[in-house]
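In case you want the letters, here they are:
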Amino acid sequence: SQKIEQNSEALNIQEGKTATLTCNYTNYSPAYLQWYRQDPGRGPVFLLLIRENEKEKRKERLKVTFDTTLKQSLFHITASQPADSATYLCALETGANNLFFGTGTRLTVIP
Amino acid sequence: GAVVSQHPSWVICKSGTSVKIECRSLDFQATTMFWYRQFPKQSLMLMATSNEGSKATYEQGVEKDKFLINHASLTLSTLTVTSAHPEDSSFYICSASGITNEQFFGPGTRLTVL
């Protein structure tokens, strides 16, 4: 069966450290993998997209890697801040332009 | 950037009544709109995809007669939950995509059925 799993439901880290979130998938062949941020009671906000032929993508303090052999993506937030506290969702996009979301990881950055 | 709005942001209704949720793309033409549902502590689940002027495509397990979707214009799609029951209580989120295929998400609508 198809699955998208994010490593942990919740992750607490100290301010200034690097947060690393994991997204693993099975029985999908995504063309793209995306990461979103979702705050409580709000819709997802797009952060980064990485294509199947890309290994790594960066945007300011964010870095995403994509390993299609391991079927895994890692999402890093460097120099984390309390304002980074939110739920982070990975989403796979198949060729049909449909997005399939993981269960999310709730990140809390402790001052 | 592209903005998508939803109305209402929250709604409470009695069991057996119907509720309509609107999704609007404010500054672009949305050829495709998507409707998702999110239960507490769960991820977004795609309910249906609609293209302007044509019938929506529903995901497996989603009742098309219960969740009526209309995409009559390039800036508006509506989701009507008919004969709502408490188990339909959820967070409903729409997204819209235009020529770039990128999906822009609305802020969501919290539905509570008493």
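Residues numbered from 1 in each chain as written. Chains lettered and ligands numbered in written order. Predicted model: local features only at pLDDT ≥ 70, side-chain atom pairs only at ≥ 80, totals over all residues. Heavy atoms only, no water.

Undergrad: Would you mind going over the overall build of chain A in detail, with residue names and values included?
TA: Scanning chain A from N- to C-terminus turns up 0 helices and 11 strands. When its helices and strands are written in sequence order, chain A yields β-β-β-β-β-β-β-β-β-β-β. Taking 2.2 N^0.38 as the reference for a compact globule, 111 residues should give roughly 13 Å; the C-alpha atoms of chain A span a radius of gyration of 13 Å, in line with that estimate. The C-alpha extent of chain A, read off along each of the three principal axes, is 40 × 30 × 20 Å. By residue count, 42% of the 111 residues in chain A fall in the buried class. Of all intrachain contacts in chain A linking residues separated by at least 6 positions in sequence, the fraction that spans at least 24 positions is 53%. For chain A, the accessible area works out to roughly 5600 Å², and carbon and sulfur atoms hold 48% of it. (Helix = DSSP H or I, 4+ residues; strand = E, 2+ residues; numbered from the N terminus. Rg over C-alpha atoms; globule rule 2.2 N^0.38 Å. Buried < 20%, exposed > 50% of the residue type's maximum accessible area, 1.4 Å probe, protein only. Contact = heavy atoms within 4.5 Å. Areas by Shrake-Rupley, 256 points an atom, 1.4 Å probe, with all protein chains shown as cover.)

Undergrad: Can you break down the state of the cysteines residue by residue, with the values?
TA: One way to say it: the disulfide is the covalent bond shared by the sulfur atoms of two cysteines. Residue and element names in this part refer to chain B. One pass over the full model with this rule turns up 2 disulfides over all chains. Paired by a disulfide, Cys23 and Cys94 hold their sulfur atoms 2.0 Å apart. Taking the sign of the S-S torsion, 80 degrees for the link of Cys23 and Cys94, the bridge is right-handed. With a gap of 71 residues between them, Cys23 in strand β3 (residues 19-25) and Cys94 in strand β9 (residues 90-97) connect regions that are remote in the sequence. Note on accessibility: Cys23 and Cys94 belong to one class, buried. In this structure Cys13 is a free cysteine whose sulfur lies 18 Å from that of Cys94, the closest cysteine sulfur available. Relative accessible area serves as the criterion here: at 9%, Cys13 is assigned to the buried category. (Disulfide = S-S within 2.5 Å.)

Undergrad: I'd love a proper account of a nonpolar patch on the surface, names of residues and values included.
TA: Residue and element names in this part refer to chain B. A grouping of Trp10, Ile12 and Leu114 is seen on the molecular surface, where their side chains present a nonpolar patch of about 390 Å² in accessible area. Its place among the elements puts Trp10 in strand β2 (residues 10-13). The class of Trp10 is exposed, set by a relative accessible area of 57%. (Patch = residues over 30% accessible without salt bridge, like charges linked within 9 Å, V, L, I, M, F, W, Y side chains within 5 Å. Salt bridge = Lys/Arg side-chain N within 4 Å of Asp/Glu carboxyl O.)

Undergrad: Which residues make up the pattern of salt bridges, and what values go with them?
TA: Here the structure, examined in full by the defined rule, presents 6 salt bridges over all chains. Linking A:Lys57 and A:Glu54 is a salt bridge whose minimum nitrogen-to-oxygen distance equals 3.6 Å.

Undergrad: Which residues make up the nonpolar core, and what values do they have?
TA: B:Trp35, B:Phe67, B:Leu79, B:Tyr92 and B:Leu111 are the most contacted members of the largest nonpolar core, which totals 24 residues. Of all elements in the fold, only β2, β3, β4 (32-38), β5 (45-51), β7 (67-73), β8 (76-81), β9 and β11 (109-113) of chain B reach the threshold of two or more residues within this core. If we skip the residues at most four places from it in the chain, B:Tyr92 touches B:Gln6, B:Ile21, B:Tyr36, B:Arg37, B:Met47, B:Phe67, B:Leu79, B:Gly108, B:Thr109 and B:Leu111. Judged by nonpolar contacts, the second largest core, of 23 residues, contains A:Ile50, A:Val64, A:Phe66 and A:Val109. (Core = buried A, V, L, I, M, F, W, Y, C linked by side-chain atoms within 4.5 Å.)

Undergrad: Residues and numbers for the packing of aromatic side chains, please.
TA: With the rule as written, the count across this model stands at 12 aromatic pairs over all chains. Arranged with centres 5.8 Å apart and planes meeting at 75 degrees, the rings of A:Tyr36 and A:Phe46 form a pair that is edge-to-face. Taken together, the residues A:Tyr36 in strand β4 (residues 32-38) and A:Phe46 in strand β5 (residues 45-51) connect sequence positions 10 residues apart. Aromatic ring contacts, followed pair by pair, group A:Tyr36, A:Phe46, A:Phe101, B:Tyr36 and B:Phe105 into a single cluster. Against the face of B:Phe67 rests B:Lys66, its NZ or CZ located 6.0 Å from the ring centre. (Phe/Tyr/Trp six-rings, centres within 6.5 Å; stacked < 30°, edge-to-face > 60°. Lys NZ or Arg CZ within 6 Å of the ring centre and 35° of its normal.)

Undergrad: Could you give me a rundown of the interface of chain B and chain A, with the residues and numbers involved?
TA: Contact residues are listed per partner, giving 18 residues for chain B and 15 residues for chain A. Summing both sides of the interface, chain B and chain A together bury roughly 1300 Å²; the carbon and sulfur share of this comes to 51%. Applying the counting rule to chain B against chain A returns 0 salt bridges. For the side of chain B that touches chain A, the secondary-structure elements that each account for two or more residues are β4, β5 and β9 of chain B. (Buried area = accessible area lost by both parts, 1.4 Å probe.)

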